[in-house]
Amino acid sequence: MNNSRFLKSPKLPKAFIKSITVVFCMLVFSPTNASNFYWVNGTGNWSDTNHWSTSSGGSGGSCIPNPFDNVFFDANSFPSTNCTITVDLASAFCHNMNWTGAANNPTLNGGVKLYGSLILTGNMQWINGAANFRATSTGNSITINGMSALPTFNFAGINGGWTFTDAVNSPTTQIGIYYGTVNFNNQVITIGTLYADDAIDASLILGTSIINCSNWYCHYDSVFCSVNGPNSRSEEHTSEIQS
């Protein structure tokens with residue numbers, strides 16, 4: 001008897017299945033499909049759907065976030081100390097990113113493109129890569145909550161707008177401004193470098209902010225700087241920007 005018709009189909013490798021899942025998740029994103037995703041199960045890779053849940057502390061298995069999805073890292077994300085999320089994709093996305101309530105000193109390792117707002121927490125680390133802000137609308141906010149050793153912040157969203165809600169104290173961080181409007185909102189900003197030499201269409205609103213930095217590059221033909229109100233320009237070595 002010829003049993004060739006009953007041969008078992010080859011088993012698909014787990015890596016192949018994972019790749020197909022990731023591609024499907026990225027293809028279906030749209031504003032109407034925007035979701036809230038919660039990180040679960042501690043240490044893992046950003047691309048691993050077993051770490052993304054649709055509820056805090058819930059079961060994993062959801063899609064990885066797209067530019068319209070909000071991501072949360074909270075009290076139920078890290079069951080042990082020093083967990084690490086590794087960004088293992090060429091481009092990781094989200095809309096809003098919120099670390100409120102995250103415990104046990106977690107680390108985010110790698111860069112993420114954010115299309116909305118950012119809330120950090122003081123007991124976390126963000127190493128390697130950058131926070132790449134790509135919003136194309138105004139009304140976005142950035143809250144540091146005392147976190148030090150921030151990654152590079154790059155603002156490059158055409159027509160985007162971001163407002164800092166509290167102080168920054170990260171003496172080695174570079175903030176780069178290329179597109180959009182960044183409002184330091186009267187805060188004390190202590191960083192390593194303020195860079196706007198290559199700005200295309202950007203504005204920097206200082207108000208009464210004090211900027212402490214080792215290096216700053218902000219040419220008037222690249223970026224409009226507003227100090228102490230609209231339509232005024234900053235001058236080098238003033239009390240507003242200290243290097």
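Residues numbered from 1 in each chain as written. Predicted model: local features only at pLDDT ≥ 70, side-chain atom pairs only at ≥ 80, totals over all residues. Heavy atoms only, no water.

*Asks:* Just checking my understanding: could you explain the overall build of the protein chain for this structure?
*Replies:* Across its full length, the protein chain holds one helix and 20 strands. Of all 243 residues assigned to the protein chain, the portion counted as buried reaches 45%. Of all intrachain contacts in the protein chain linking residues separated by at least 6 positions in sequence, the fraction that spans at least 24 positions is 32%. Here the protein chain displays about 11,800 Å² of accessible surface, and carbon together with sulfur accounts for 51% of that area. (Helix = DSSP H or I, 4+ residues; strand = E, 2+ residues; numbered from the N terminus. Buried < 20%, exposed > 50% of the residue type's maximum accessible area, 1.4 Å probe, protein only. Contact = heavy atoms within 4.5 Å. Areas by Shrake-Rupley, 256 points an atom, 1.4 Å probe, with all protein chains shown as cover.)

*Asks:* For this particular structure, what's the right way to read the side chain of N154?
*Replies:* Among the secondary structure elements, N154 is positioned in strand β14 (residues 152-164). Once residues within four sequence positions are removed from consideration, N154 is found in contact with A130, A131, N132, F133, R134, G176 and Y178.

*Asks:* Could you clarify how one ought to interpret the side chain of N66 in this entry?
*Replies:* Within the secondary structure layout, N66 lies in the loop between β3 (52-53) and β4 (70-72). In this structure the side chain of N66 is engaged in a polar contact, spanning 3.0 Å, whose partner is the side chain of D69. (Polar contact = N/O pair within 3.5 Å; in protein donor to acceptor, adjacent residues only side chain to side chain.)

*Asks:* Looking at this structure, I do not really get the packing of aromatic side chains. What am I missing?
*Replies:* The geometry of two aromatic rings is summed up by the distance between their centres and the angle between their planes. A complete count under the given rule lists 18 aromatic pairs for this structure. Judged by centre distance (6.0 Å) and plane angle (65°), the ring pair of W52 and F73 falls under edge-to-face. Separated by 21 residues along the polypeptide, W52 in strand β3 and F73 in the loop between β4 and β5 (84-86) bring together distant segments of the chain. Taken as a pair, W52 and F73 share a single burial class, namely buried. Pairing F93 with Y115 gives two aromatic rings, centres 6.4 Å apart and planes at 40°, and the pair type is tilted. Taken together, the residues span a long stretch of sequence, with F93 in strand β6 (residues 93-94) and Y115 in the loop between β9 (112-114) and β10 (118-119) at a distance of 22 residues. Under the relative-accessibility criterion, F93 is labelled buried at 15%. The class for Y115 is partly exposed, based on a relative accessible area of 26%. Members of the aromatic cluster, joined through ring pairs, are W39, W46, W52, F73, F78 and W99. (Phe/Tyr/Trp six-rings, centres within 6.5 Å; stacked < 30°, edge-to-face > 60°.)

*Asks:* Just to check I follow, could you spell out the environment of V168 for this structure?
*Replies:* Its place among the elements puts V168 in strand β15 (residues 168-183). Ignoring sequence-local partners within four residues, the contact set of V168 consists of I144, L150, V188, I189, T190 and I191.

*Asks:* Would you mind going over the sheet that holds β5 with me for this structure?
*Replies:* The strand order across the open sheet formed by four strands is β2-β5-β8-β11, and the pairing between neighbours is parallel. With partners counted over all chains shown, the strands left at the sheet margins are β2 (44-45) and β11 (125-127), one partner each. In terms of strand pairing, β5 meets strand β8 (residues 107-109) through three bridges, oriented parallel. When the bridges of β8 are listed, T84 appears paired with T107. (Pairing = 2+ DSSP bridges.)

*Asks:* I would appreciate a short explanation of the confidence of the model for the protein chain in the present structure.
*Replies:* A low pLDDT means the predicted coordinates there should not be read in detail. Here the protein chain shows a mean pLDDT of 84. Residues at 70 or above account for 77%. Contacts of residues 3-10 to residues separated by more than four positions or lying in other chains number one contact, the stretch itself having pLDDT below 50. Low confidence marks residues 227-239, where pLDDT is under 50. Its contacts with residues over four positions away, or in another chain, come to 27 contacts. (pLDDT = per-residue confidence, 0-100.)

*Asks:* Help me out: how do you make sense of unusual backbone geometry in this one?
*Replies:* With glycine set apart, most residues show a phi of negative sign, and most peptide bonds adopt trans. Phi is positive for N41, which is not a glycine, with a value near 70°. Within the secondary structure, N41 is located in the loop between β1 (36-39) and β2. The exposure class of N41 is partly exposed, given its relative accessible area of 47%. Even without a glycine there, the phi angle at N145 is positive, about 55°. Inspection of the secondary structure assignment puts N145 in the loop between β13 (140-143) and β14. The exposure class assigned to N145 is partly exposed, which follows from its relative accessible area of 41%.

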